[in-house]
Amino acid sequence: MDKTAKVVLDGQEYELPVVVGTEDEVGIDISKFRGTSGAITLDSGYANTGSCKSEICFIDGEKGILRYRGYPIEQLAEHAKFPEVAYLLINGELPTAAQYESFRQDLTYHSMIHEDMKKFFEGFRHTAHPMAILSAMVTSLSSYYPEVDDDADDHNIIRLLAKVKTVAAYAYKKSIGQPFVQPQNKLAYCANFLHMMFAVPTEPYEVDPVLEDALNVLLILHADHEQNCSTSTVRMVGSSQANLYASMSAGISALWGPLHGGANQKVIEMLNMIQQDGGGIDKYVAKAKDKSDPFRLFGFGHRVYKNFDPRATILRKSAESVLDRLGVHDPMLEIARQLEEVALKDEYFIERNLYPNVDFYSGIIYRAMGIPTDMFTVMFALGRLPGWIAHWKELRNDPSSRINRPRQIYTGAGERDYVGIADRG
Ligand code: SDX
């Protein structure tokens with residue numbers, strides 16, 4: 001028998017259907033509640049509200065589980081290639097060898113951007129944040145590839161996945177005043193990006209396989225995370241039937257915030273501040289606990305994970321091996337370790353289930369790879385792009401999908417008459 005839930009309001013009982021997910025998650029369906037009761041529900045920050053049903057990503061915050069289309073993140077990070085994971089998220093299944101080869105070729109051969117788009121970079125100051133450039137350039141792609149026919153989305157999905165790595169690398173080259181490096185058809189996705197980032201015309205550049213492997217894991221770990229702030233933004237914008245590029249650009253802007261994808265940049269700035277200040281870990285843990293102090297421990301805490309973020313577990317190990325293999329000694333890693341150790345023993349953090357999240361160690365690896373701090377959130381966006389696309393496609397292919405339009409409870413002034421300016425004192 002189908003489960004139901006009962007709500008009693010002003011003595012009237014309302015029976016609501018209950019939806020049970022693959023992993024026995026329970027959701028009370030309130031889609032008819034306002035029509036029958038006249039009341040809405042309220043949930044600031046949507047912490048307790050499901051916006052949709054989805055088949056793409058499963059997270060269990062209590063058990064630290066993260067799966068893409070059923071595959072555990074640990075297995076994908078260890079065995080898969082990022083384009084393979086992108087294909088899985090967008091299409092629902094891991095590609096066959098033939099499908100993978102064709103997909104990889106598409107991502108390679110569509111990597112160049114229109115020569116006219118390079119002129120856009122001339123308008124940005126060299127100090128422009130690369131997230132501003134990324135967001136603007138992704139929206140601008142819609143002017144080169146308008147949606148003209150039904151399967152335009154599939155072509156545009158390939159174009160977007162292929163070109164965003166080029167735009168990201170060019171944003172970096174712009175910031176250091178170096179010439180753009182063209183994508184190379186002989187290079188795989190991660191190697192192609194690294195080549196465009198670090199090659200210079202004056203000498204040959206060979207991509208270090210350690211860097212390529214590290215980037216592959218980082219992009220896979222960031223590829224999707226169910227209804228996080230930026231993915232929900234992509235679904236919100238996509239629900240108005242805005243085009244793919246506009247929807248992704250909105251996701252990039254949402255990710256930029258320091259409470260979300262911008263945290264990886266803030267973590268390194270925080271570790272740097274602690275190091276500059278003589279490494280007083282206890283002082284900064286005390287600041288993070290002090291309600292009168294706006295300082296937070298960036299890279300700590302999560303809306304869903306309440307025991308550990310499985311991605312942080314993988315990145316903590318990866319940070320050590322990547323730095324060892326690169327022969328890099330970064331004092332930030334030691335400070336991060338000490339910060340984690342002190343915080344995890346502190347009642348304040350224990351009571352609030354605050355643990356390192358995906359952003360706590362990722363920046364240390366990016367630094368070791370030679371990627372500058374203000375490019376860290378761009379790297380997050382590169383990884384998250386297939387997840388955003390998968391959710392956008394799922395929403396657009398759902399015949400029951402409607403424009404997202406939440407309600408509110410109004411708490412402003414009651415009705416009042418207009419008073420002419422002469423009579424306002
Ligand atoms: C990402 O949603 C996703 O899935 C996101 C993400 C993804 O893959 O898309 O996982 C990526 O965005 C990871 C999170 C990166 N952000 C940060 O590292 C910024 C620092 N973290 C916090 O701002 C915070 O923990 C959030 C934003 C991550 C979660 O915020 P919530 O769920 O709204 O929690 P909250 O702010 O209500 O905090 C609960 C309590 C509060 O204290 P009390 O009011 O109960 O006394 O914990 C405290 C907060 O003050 N708290 C922190 C803290 N995080 C929460 N105190 C100090 N330092 C922190 N980092």
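Refer to the preceding data block for the structure.
Because the structure is predicted, anything quoted here is derived from the model rather than measured.

S.K.: Describe the side chain of His195, with residues and values.
M.R.: Summarising the element assignment, His195 is placed in helix α8 (residues 189-198). Ignoring anything within four residues of it in the chain, the contact list for His195 reads Val181, Gln182, Gln184, Leu187, Tyr205 and Val207.

S.K.: Provide a residue-level description of the packing of helix α3 (residues 82-91) against helix α4 (residues 97-109), including the pertinent values.
M.R.: It is at 10 Å that the axes of α3 and α4 come closest, and there the two elements cross at 105°. For the element pair α3 / α4, the angle class is roughly perpendicular. In contact with Pro83, Glu84, Ala86 and Tyr87 of α3, α4 contributes Gln99, Tyr100, Phe103, Arg104 and Leu107. Across the contact of α3 with α4, the residue classes tally to six nonpolar, one polar and two charged.

S.K.: Provide a residue-level description of the packing of helix α14 (residues 310-326) against helix α17 (residues 358-368), including the pertinent values.
M.R.: The geometry of α14 relative to α17 is characterised by a closest axis approach of 8 Å and an angle of 15° between their N-to-C directions. As summarised for this structure, α14 and α17 are arranged roughly parallel, according to the angle between their axes. The handedness of the crossing between α14 and α17 is left-handed. Side by side, α14 and α17 meet where Arg311, Ala312, Leu315, Arg316, Ser318, Ala319, Val322, Leu323 and Leu326 of the first sit next to Val358, Tyr361, Ser362, Ile364, Ile365 and Ala368 of the second. Considering only residue class, the contact of α14 with α17 consists of eleven nonpolar, two polar and two charged.

S.K.: Tell me about the pairing of strand β4 (residues 57-60), and please be specific about residues and values.
M.R.: Sheet faces and side chains relate simply in a regular strand, where the side chains alternate between the two faces. Across the two faces of β4 the burial is the same, with Cys57 and Ile59 and Phe58 and Asp60 all buried. With four bridges joining them, β4 and strand β5 (residues 65-68) adopt antiparallel strand pairing. Of the residues in β5, the one forming a bridge with Phe58 is Arg67. Once β4 ends, the chain turns through four residues before running back antiparallel as β5, passing Gly64 with a positive phi of about 65°.

S.K.: Account for the pattern of salt bridges, with residues named and values stated.
M.R.: Taken as a whole, this structure holds 18 salt bridges when the rule is applied. The partner of Arg235 in a salt bridge is Glu394, and the shortest N-O contact between them spans 3.2 Å. Of this pair, Arg235 sits in helix α10 (residues 229-238) while Glu394 sits in helix α18 (residues 376-396), and the two are 159 residues apart along the sequence. The partner of Arg337 in a salt bridge is Glu320, and the shortest N-O contact between them spans 3.2 Å.

S.K.: Describe the environment of Pro17, naming the residues involved and giving the relevant values.
M.R.: In this fold, Pro17 is placed in strand β2 (residues 12-20). In sequence terms Pro17 and Thr4 are 13 residues apart; their C-alpha atoms lie 4.5 Å from each other. With near-sequence residues (within four places) excluded, Pro17 lies in contact with Lys3, Gly27, Ile28 and Asp29.

Each value, and the rule that gives it
- Residues numbered from 1 in each chain as written.
- Predicted model: local features only at pLDDT ≥ 70, side-chain atom pairs only at ≥ 80, totals over all residues.
- Heavy atoms only, no water.
- Helix = DSSP H or I, 4+ residues; strand = E, 2+ residues; numbered from the N terminus.
- Contact = heavy atoms within 4.5 Å.
- Axes fitted to C-alpha atoms, helices over the stretch in contact; angles between N-to-C directions.
- Parallel < 35°, antiparallel > 145°, perpendicular 65-115°, else oblique.
- Nonpolar A, V, L, I, M, F, W, Y, C, P; charged D, E, K, R; others polar.
- Left-handed = near helix turned anticlockwise from the far one by under 90°.
- Buried < 20%, exposed > 50% of the residue type's maximum accessible area, 1.4 Å probe, protein only.
- Pairing = 2+ DSSP bridges.
- Salt bridge = Lys/Arg side-chain N within 4 Å of Asp/Glu carboxyl O.

None of the figures reported here should be taken as evidence of function without further support.
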